Amino acid sequence: MIFKNSLFSLAGGLYKGSKSRIFDSKTVEAILVEPQRKAGTGTKHQIIEKLGAWERREMATAAGANEQGTIDLFTPYKMGRFELKHRIVMAPCTRCRAIDYVPNQAMAHYYAQRSTPGGLLITEGTIVSAVAAGYPHTPGIYTEEQVEAWKKSVDAVHAKGALFFCQLWHVGRVSHHVYQPNGGTPVSSTNKVISDRWKLLLPDGSYTTYSQPRALATEEIPGIIEEFRQGAINAIQAGFDGIELHGAYGYIIDQFLKDGINDRTDKYGGSLDNRCRFLVELIDAVVSAIGIERVGLKISPTVYVQDAHDSNPLALSLAIAEKLNKVQEAAGKKLCYLHYMAGSLSGGMSEDEKKLLKELRKAYQGTFMISGGFDREMGMKAVAEGEADLIAYGRHFVANPDLVERFRLNAPLNQSDYTSFYAQDFVKGYTDYPFLDGHIEPYTG
């Protein structure tokens with residue numbers, strides 16, 4: 001075990017290793033492990049495991065730990081090339097306000113409201129092609145008009161001193177003929193249709209069942225990868241600081257990853273290696289286009305939605321971590337982050353998922369973000385205990401444009417108006433949520 005750039009409690013004081021100082025395993029055991037073992041801190045194995053957890057967090061060197069050496073949601077964090085002033089991330093949330101798939105000024109107002117200096121925001125799912133659509137009025141990033149329109153939001157967020165990532169999205173089979181060019185058939189890893197247990201939102205606000213998808217031919221898959229690659233290039237052209245690949249929630253990347261959906265017999269189906277192939281090829285393409293330090297990935301191995309499930313989420317998670325680590329090793333740099341979406345939107349996690357989360361955190365060698373129903377207390381605990389570096393919040397950010405300040409003060413939160421989540425209203429349930437002092441800043445056009 002090698003410890004570099006770490007904070008250690010030595011001789012009763014706090015020691016900060018210089019950037020060139022490396023502690024080998026024998027030195028660590030002599031000056032750290034053995035004294036703590038004698039002091040009754042724990043067994044040798046327990047102490048080393050604890051030190052390993054500290055090292056994965058870089059012992060808060062990049063985090064600016066407080067004088068007690070602890071970290072929380074308001075501890076700064078160095079995310080690769082980016083400096084964050086806090087660890088509260090705005091998670092992607094579909095809002096259906098991009099009329100005819102083009103971002104607008106109301107969206108710029110919405111994102112600016114939720115921006116803070118040194119904060120990180122991730123856009124709602126942004127489709128990479130016309131075929132990638134499956135919801136009404138979701139923004140795209142595949143035309144020149146869309147790229148230019150996104151610049152308004154990017155500029156507004158940057159003006160507040162925040163970082164802005166674009167989530168690149170292809171829904172795959174989570175679609176309907178009405179959203180496809182010329183009423184076509186949605187594409188996927190499979191021909192299996194989503195069961196009628198799940199419903200799809202139509203442009204008129206009603207719900208229906210999903211359309212029968214068509215499994216992509218092997219030779220068609222590079223075309224989907226190219227859409228993501230070009231989407232990443234377009235995002236950087238629009239001024240975004242980076243991109244997040246939406247590999248979660250049963251959308252197209254998830255449709256290749258999970259064996260409950262992927263029934264292919266070619267090189268993209270069957271074994272874990274094969275099911276991860278689409279993701280790896282996609283990441284390689286995007287990384288080659290915009291650089292590895294601008295790329296993040298969101299996954300949801302345990303989330304069961306839209307018939308997306310896997311027989312062994314832990315094995316899948318660890319396989320993804322292994323693939324990402326290899327990509328990073330080959331590049332000599334790390335991806336921006338891995339974003340794990342927990343399996344419960346209510347904030348509760350099963351014991352199996354807690355075990356999975358711990359194992360994935362240990363396996364992935366990079367910045368680790370988690371989301372899925374977290375509140376302030378849960379986020380504080382997860383960061384303090386090293387379960388994650390960053391916590392992403394969705395519905396709390398929707399209802400609280402000043403969420404970061406409310407969390408800082410431990411103030412009460414507004415409650416979300418779920419009836420307006422997917423409405424095409426630029427004010428109600430979008431830009432009219434009150435700030436802590438009671439004032440509102442509705443979009444006025």
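Peer 1: Is there a simple way to explain the packing of aromatic side chains in this structure?
Peer 2: The relative placement of two aromatic rings is captured by the distance of their centres and the angle of their planes. Enumeration according to the criterion identifies 19 aromatic pairs in this entry. Between the aromatic rings of Phe82 and Phe165, the centroid separation amounts to 5.7 Å while the plane-to-plane angle is 75°, which identifies the pairing as edge-to-face. One end of the pair, Phe82, is in strand 6 (residues 82-84); the other, Phe165, is in strand 10 (residues 163-169), and 83 residues separate them in sequence. No difference in accessibility class separates Phe82 from Phe165, as the two residues are buried.

Peer 1: Just checking my understanding: could you explain helix 4 (residues 144-159) for this structure?
Peer 2: Count 3.6 residues to each turn of an α-helix, and residues three or four apart come out pointing the same way. With 16 residues, helix 4 should reach 22 Å at 1.5 Å per residue; the first-to-last C-alpha distance of 23 Å fits that figure. Among all positions of helix 4, only Gln146, Val147, Ala149, Trp150, Ser153, Val154 and Val157 are buried. Of the surrounding elements, those touching the buried residues of helix 4 are helix 3 (105-113), strand 8 (120-122), strand 9 (126-127), strand 10 and helix 5 (221-237). Backbone geometry just after helix 4 places Gly161 at a positive phi near 85°.

Peer 1: What's the story with the environment of Val174 in this structure? I'm lost.
Peer 2: Mapped onto the secondary structure, Val174 falls in the loop between strand 10 and strand 11 (187-188). Taking the relative accessible area as the measure of exposure, Val174 reaches 0% and is therefore buried. Taking the C-alpha atoms as reference points, Val174 and Asp307, 133 residues apart in sequence, are found 10.0 Å from one another. Val174 has contacts with Gly134, Tyr135, Ile194, Leu200, Tyr210, Gly250, Tyr251, Gln255 and Gln306, leaving out every residue within four places of it along the chain.

Peer 1: Whenever I open this one, the side chain of Gln255 confuses me. Can you help?
Peer 2: Take Gln255: it is sitting in helix 6 (residues 252-257). On the basis of relative accessible area, Gln255 is assigned to the buried category, the value being 0%. At 2.9 Å, the side chain of Gln255 forms a polar contact with the backbone oxygen of Val171.

Peer 1: It is not clear to me how the pairing of strand 16 (residues 295-299) should be interpreted in this structure. Could you clarify?
Peer 2: The two faces of the sheet receive side chains in turn, since in a regular strand these alternate between them. Taking burial as the measure, the five residues of strand 16 include five buried ones, the bulk of the element. The two faces of strand 16 match: Val295, Leu297 and Ile299 on one face and Gly296 and Lys298 on the other face are all buried. Two strands pair when backbone bridges link them, and strand 15 (residues 242-247) and strand 16 are joined in this way by five bridges, in the parallel orientation. Within strand 16, the residue paired with Gly247 across the bridge is Ile299. The pairing of strand 16 with strand 17 (residues 337-341) spans four bridges and is classified as parallel. Along strand 17, the bridge assignment pairs Lys298 with His339.

Peer 1: Any chance you could explain the pattern of salt bridges here in plain terms?
Peer 2: Note on pairing: side chains with opposite charge can pair once their charged atoms come close. Counting across every chain of the model gives 17 salt bridges. The closest approach of N and O atoms between Asp417 and Lys428, which form a salt bridge, is 3.4 Å. You can see Asp417 sitting in the segment after helix 12 (403-409) and its partner Lys428 sitting in the segment after helix 12, a full 11 residues away along the chain. Owing to a relative accessible area of 21%, Asp417 belongs among the partly exposed residues under this scheme. For Lys428, a relative accessible area of 46% gives the class partly exposed.

Peer 1: Hey, could you run me through the pairing of strand 15 in this one?
Peer 2: Within strand 15, six of the six residues are buried, which leaves it mostly tucked inside the rest of the structure. By the alternation rule, side chains of strand 15 split into Gly242, Glu244 and His246 and Ile243, Leu245 and Gly247, which are all buried.

Peer 1: Whenever I open this one, the nonpolar core confuses me. Can you help?
Peer 2: Note that soluble globular proteins tend to have their nonpolar side chains buried in a common cluster. Grouped together as the largest cluster of nonpolar side chains are 102 residues, with contacts concentrated most on Ile243, Leu245 and Phe278. At nine residues, helix 7 (residues 272-290) tops the list of elements feeding residues into this core. Aside from chain neighbours lying at most four places away, what touches Leu245 is Leu168, Phe228, Ile253, Leu282, Ile283, Val286, Val295, Gly296, Leu297 and Lys298. If you look at the next biggest cluster of nonpolar residues, it comprises 15 residues, including Tyr77, Met79, Phe82 and Leu163.

Peer 1: Explain the environment of Val295 to me, please; I cannot follow it from the model alone.
Peer 2: Relative to the elements of secondary structure, Val295 occurs in strand 16. For the pair Val295 and Leu338, spaced 43 residues apart in sequence, the C-alpha separation works out to 9.2 Å. Those residues within four positions of Val295 in sequence are excluded, and the remaining contacts are Ile243, Leu245, Val286, Val287, Ile290, Leu335, Cys336 and Tyr337.

Peer 1: What should I look at first to understand the packing of helix 3 against helix 4 in this one?
Peer 2: Two numbers describe a pair of packed helices, the interaxial angle and the distance between the axes. Here helix 3 crosses helix 4 at 20°, and the two axes come no closer than 8 Å. Taken as axis vectors, helix 3 and helix 4 run roughly parallel relative to one another. Here helix 3 runs over helix 4; the crossing is right-handed. Contact residues: helix 3 offers Gln105, Met107, Ala108, Tyr111 and Ala112, while helix 4 offers Trp150, Lys152, Ser153, Ala156 and Val157. Considering only residue class, the contact of helix 3 with helix 4 consists of seven nonpolar, two polar and one charged.

What counts and how
The residue numbers shown here count from 1 along each chain, following its written sequence. Reporting in this predicted model follows two pLDDT cut-offs: at least 70 for local features of residues, and 80 or more for side-chain atom pairs to be given and counted; totals over whole chains, interfaces and linings ignore these cut-offs and use all residues. For the side-chain quantities, the full set of heavy atoms in the structure was used; hydrogens and water were omitted. Centres within 6.5 Å are what make two rings of Phe, Tyr or Trp a pair, Trp counting through its six-membered ring; a difference in plane orientation under 30 degrees is then read as stacked, over 60 as edge-to-face, and the rest as tilted. Comment: elements are numbered from the N terminus, with helices defined as DSSP H or I runs of at least four residues and strands as E runs of at least two. Each residue is assigned to one of three classes by its accessible area relative to the maximum for its type, calculated with a 1.4 Å probe on protein chains only: buried under 20%, partly exposed between the two thresholds, exposed over 50%. Take the number of residues in a helix, subtract one, and multiply by 1.5 Å to get its expected span. A contact between two residues is defined here by any heavy atoms of the two lying within 4.5 Å. We define a polar contact as two N or O atoms separated by no more than 3.5 Å, with the added condition that, inside protein, one atom must be a possible hydrogen donor and the other a possible acceptor, whereas residues neighbouring each other in sequence contribute only through side-chain atom pairs. Note on pairing: DSSP must find at least two bridges between two strands before they are called paired. Salt-bridge detection follows one rule: a side-chain nitrogen of Lys or Arg within 4 Å of a carboxyl oxygen of Asp or Glu. Only buried residues count toward a nonpolar core. Its members are Ala, Val, Leu, Ile, Met, Phe, Trp, Tyr and Cys residues joined through side-chain atoms within 4.5 Å. Angles shown run from 0 to 180 degrees and are taken between the N-to-C directions of axes, each axis being a line fitted to C-alpha atoms and, for helices, limited to the stretch in contact. Each angle gets one of four labels, with under 35 degrees taken as roughly parallel, over 145 as roughly antiparallel, 65 to 115 as roughly perpendicular, and the rest as oblique. Helix crossings fall into two classes, left-handed where the near helix is turned counterclockwise from the far one by less than a right angle and right-handed where it is turned clockwise. In this classification, Asp, Glu, Lys and Arg are treated as charged, Ala, Val, Leu, Ile, Met, Phe, Trp, Tyr, Cys and Pro as nonpolar, and every other residue, Gly included, as polar.

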